[in-house]
Amino acid sequence: RGSPYAKPLETIVVEWSGKLVYMQDVLEEWLKCQKTWLYLEPIFASPDIMRQMPTEGRRFQKVDQMWRQTMQTGADAPAVLQVMSIDNLKNHFLEANKTLELVQKGLNDYLETKRNAFPRFYFLS
């Protein structure tokens, strides 16, 4: 934008700059969501955990559904601009990350109660 050669293309440069900043923000939230989802998915795949932690299980299922839909959309339309044009994509990931934090906190609290009841569980992380 500071280049004198960009002056004739300023509107296009500003538009693309905005798109790229948005993509960066979305990808940061996406990767954060992916990391947490990958950690929690095998845990909440267990019916036993779902029975013992129904609130966190429902929260995780909600995020899981959004995650799988987004991944399917990304697989169907591999062009990044198509995926970034999904309505409220950044907000979806922000909400998913907040929900996953709540799920992880609930899981940690659950594990802490189990550790207090059974001290041998202190060896589990």
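Structure first, text after, so check above.
Residues numbered from 1 in each chain as written. Predicted model: local features only at pLDDT ≥ 70, side-chain atom pairs only at ≥ 80, totals over all residues. Heavy atoms only, no water.

### Side note on the environment of V63
- On the secondary structure map, V63 appears in helix α3 (residues 54-76).
- Separated by 37 residues in the primary sequence, V63 and L100 place their C-alpha atoms 7.5 Å from one another.
- For V63, the residues in contact, after removing those within four places along its chain, are A96, T99 and L100. (Helix = DSSP H or I, 4+ residues; strand = E, 2+ residues; numbered from the N terminus. Contact = heavy atoms within 4.5 Å.)

### Considerations on the packing of aromatic side chains
- Summed over all chains, the structure comprises four aromatic pairs.
- An aromatic cluster is built from W30, W37, W67 and F93, whose rings are joined through pairwise contacts. (Phe/Tyr/Trp six-rings, centres within 6.5 Å; stacked < 30°, edge-to-face > 60°.)

### Quick word on the pattern of salt bridges
- The final tally for this structure, using the stated rule, is ten salt bridges.
- Of the charged contacts, one joins E41 and R68 as a salt bridge, the two residues approaching to 3.6 Å between their closest N and O atoms. Taken as a pair, E41 in helix α1 (residues 10-44) and R68 in helix α3 lie far apart in primary sequence, 27 residues in all.
- Through salt bridges with shared partners, a single network forms among E41, D64 and R68. (Salt bridge = Lys/Arg side-chain N within 4 Å of Asp/Glu carboxyl O.)

### A word on unusual backbone geometry
- Notably, N88 is not glycine yet its phi reads approximately 55°, a positive angle.
- Locating N88 in the fold gives a position in the loop between α4 (80-84) and α5 (89-117).

### Digging into a nonpolar patch on the surface
- A cluster of nonpolar side chains, contributed by L9, I12, W16, L20, V80 and L81, occupies part of the molecular surface with about 530 Å² of accessible area.
- Every element with two or more residues in the nonpolar patch is listed here: α1 and α4.
- Considering every element that reaches the nonpolar patch, the biggest residue donor is α1, with three residues.
- Along the chain, L81 turns up in helix α4.
- Among the residues examined, L81 registers a relative accessible area of 39% and is labelled partly exposed. (Patch = residues over 30% accessible without salt bridge, like charges linked within 9 Å, V, L, I, M, F, W, Y side chains within 5 Å. Areas by Shrake-Rupley, 256 points an atom, 1.4 Å probe, with all protein chains shown as cover. Buried < 20%, exposed > 50% of the residue type's maximum accessible area, 1.4 Å probe, protein only.)

These figures capture arrangement, not role.
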